[in-house]
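# Summary of structural features
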Amino acid sequence: MRYCFALDLVDDPVKIAEYEKYHEKLRPEIEESIRSAGITEMEIYRIGNRLFMIMETNETFSFERKAEMDASNPNVQEWENLMWTYQQALPMAKPGEKWLLLDNIFRL
């Protein structure tokens, strides 16, 4: 399955550059947590302060399982807290929501 998400960064060029630096070489324990959840490919694109993430998954992936794995992994919790200092919720996000799942409205 392919899932696409959006999220904003804090609109500050210094913070955006720092955020991108963290993603140049992902921490091995974070990559492992992503892959062990059944995510086979992940890409993040940016325009201005808006991020778009494309995620490819295998048949073992579920959002519920990923959330449980992340909640019990202190490395992931530390990473998420750090990343949240650079990120900000989209205007339509509910309290506590970060990456919002996009609706696919066209495919060729």
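Above this text you will find the structure in question.
Heads up: these notes are all about the structure in this document. Just so it is clear, the model here is predicted, and its values are computed rather than measured. (Residues numbered from 1 in each chain as written. Predicted model: local features only at pLDDT ≥ 70, side-chain atom pairs only at ≥ 80, totals over all residues. Heavy atoms only, no water.)

Now for the pairing of strand S2 (residues 39-47). Along a regular strand, successive side chains alternate from one face of the sheet to the other. As judged from the 8 bridges shared by S2 and strand S3 (residues 50-57), these two strands associate in the antiparallel manner. Paired with Ile 39 across the strands is Thr 57, a residue of S3. Adjacent in sequence and paired antiparallel, S2 and S3 are bridged by 2 residues, among which Gly 48 carries a positive phi angle near 60°. (Pairing = 2+ DSSP bridges. Helix = DSSP H or I, 4+ residues; strand = E, 2+ residues; numbered from the N terminus.)

Time to look at a nonpolar patch on the surface. Judged by side-chain polarity, Tyr 45, Ile 47, Phe 52 and Leu 102 come together as a nonpolar surface patch covering roughly 390 Å² of accessible area. Positionally, Leu 102 belongs in the segment after strand S5 (100-101). (Patch = residues over 30% accessible without salt bridge, like charges linked within 9 Å, V, L, I, M, F, W, Y side chains within 5 Å. Areas by Shrake-Rupley, 256 points an atom, 1.4 Å probe, with all protein chains shown as cover. Salt bridge = Lys/Arg side-chain N within 4 Å of Asp/Glu carboxyl O.)

Turning our attention to the packing of helix H1 (residues 13-24) against helix H4 (residues 74-84). A pair of packed helices is characterised by two quantities: the angle between their axes and the separation of those axes. The contact between H1 and H4 brings their axes to 11 Å, and the two run at 150°. Taken together, H1 and H4 sit at an angle that is classed as roughly antiparallel. Facing Tyr 19, Tyr 22 and His 23 of H1, the residues of H4 in contact are Trp 79, Leu 82 and Met 83. Residue classes in the contact of H1 with H4 are distributed as 5 nonpolar, 1 polar and no charged. (Axes fitted to C-alpha atoms, helices over the stretch in contact; angles between N-to-C directions. Parallel < 35°, antiparallel > 145°, perpendicular 65-115°, else oblique. Contact = heavy atoms within 4.5 Å. Nonpolar A, V, L, I, M, F, W, Y, C, P; charged D, E, K, R; others polar.)

With that settled, the discussion passes to the packing of aromatic side chains. Considering all chains together, one arrives at 7 aromatic pairs under this definition. Ring geometry for Phe 61 against Phe 63: centres 5.0 Å apart, planes inclined by 80°, an arrangement best described as edge-to-face. Accessibility expressed as a relative area gives 11% for Phe 61, which makes it buried. Grouping aromatic residues by their ring pairs yields a cluster made of Tyr 3, Phe 5, Phe 61 and Phe 63. (Phe/Tyr/Trp six-rings, centres within 6.5 Å; stacked < 30°, edge-to-face > 60°. Buried < 20%, exposed > 50% of the residue type's maximum accessible area, 1.4 Å probe, protein only.)

Below, the discussion takes up the side chain of Lys 98. Residue position: Lys 98 is located in the loop between strand S4 (87-88) and S5. We classify Lys 98 as buried; its relative accessible area is 18%. Within the structure, the side chain of Lys 98 is placed 2.9 Å from the side chain of Glu 80, a separation counted as a polar contact. Setting aside its immediate chain neighbours within four residues, Lys 98 contacts Ala 6, Leu 7, Glu 80, Trp 84 and Gln 87. (Polar contact = N/O pair within 3.5 Å; in protein donor to acceptor, adjacent residues only side chain to side chain.)

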